[in-house]
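Inside the fold
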Amino acid sequence: MKGAKVRRAAAVAYRPADDAAPRVTAAGRGLVAERILETARAAGIPVREDAGLAEVLSHLDPGAEIPPETYRAVAEILAFLYRVDRDAARHR
C-alpha cells in the first residue's frame, strides 16, 4: 500500500545501578515492531504508544543508550510504567 505508515517500536530498560541512561533493548519496524509489541503484551508489560519517540528509538541498536533529546519523553513513560506497576501491586 503506497503511503501506508510502517509501524515502529522500541523496548527500553533502565537499571539505575548499572546504566547512566535508559537503554534500548529491542527496536525495529514493520514485522519486527509487531513482534516487539506481541512479546511485551504476552509478558504483561504495559505498552505506551508514542509515534515520534518510536521513530527515534527504532533506529538505535540494542544496548544503545537513548539520546539526550529523548530523556524527557522516556522519563514520562518510565514514570507511567512505575505507576502501573505500583497500582497493580496494590491490587494483588
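Not measured: the values here are computed from a predicted model.

1. Some remarks on the packing of aromatic side chains
Applying the stated criterion to the full structure yields zero aromatic pairs. Seen from the ring of F80, R48 lies directly overhead, with NZ or CZ sitting 5.1 Å from the centre.

2. Looking at the pattern of salt bridges
Counted by the stated rule, this structure contains eight salt bridges. Linking E65 and R23 is a salt bridge whose minimum nitrogen-to-oxygen distance equals 3.4 Å. Pair noted here: E65 is in the loop between α2 (51-57) and α3 (71-90) and R23 is in strand β2 (residues 23-29), with a separation of 42 residues, a long-range link. Of the charged contacts, one joins R90 and D87 as a salt bridge, the two residues approaching to 3.8 Å between their closest N and O atoms. Taken together, the positions of R90 and D87, both in helix α3 and three residues apart, correspond to about one turn of that helix.

3. Here we look at α3
A rise of 1.5 Å per residue sets the reference length of α3, with its 20 residues, at 28 Å; its end C-alpha atoms lie 28 Å apart and thus fit the reference within 8%. Residues of α3 that are buried include every one of V74, I77 and L78, and no others. The arc that holds every buried residue of α3, seen down its axis, measures 100°, which confines them to one face. Of the exposed residues in α3, the ones pointing more than 90 degrees away from its buried face are R72 and R90. On the buried face of α3, the contacting elements are β1 (8-13) and α2.

4. A word on helix α1 (residues 31-42)
In a regular helix each residue adds 1.5 Å, so twelve residues correspond to 16 Å; α1 covers 16 Å between its end C-alpha atoms and thus fits that length. Within α1, burial applies to A33, I36, L37 and A40. Taken around the axis of α1, the buried residues stretch over an arc of 95°, which confines them to a single face. Along α1, exposed side chains directed more than 90 degrees from the buried face belong to L31, R35 and A42. Those residues of α1 that are buried lie in contact with β1 and β2. Following α1 by one or two positions, G44 has its phi on the positive side, about 75°.

Cut-offs applied
Residues numbered from 1 in each chain as written. Predicted model: local features only at pLDDT ≥ 70, side-chain atom pairs only at ≥ 80, totals over all residues. Heavy atoms only, no water. Phe/Tyr/Trp six-rings, centres within 6.5 Å; stacked < 30°, edge-to-face > 60°. Lys NZ or Arg CZ within 6 Å of the ring centre and 35° of its normal. Salt bridge = Lys/Arg side-chain N within 4 Å of Asp/Glu carboxyl O. Helix = DSSP H or I, 4+ residues; strand = E, 2+ residues; numbered from the N terminus. Expected span 1.5 Å × (residues − 1). Buried < 20%, exposed > 50% of the residue type's maximum accessible area, 1.4 Å probe, protein only. Arc of directions from axis to C-beta. Contact = heavy atoms within 4.5 Å.

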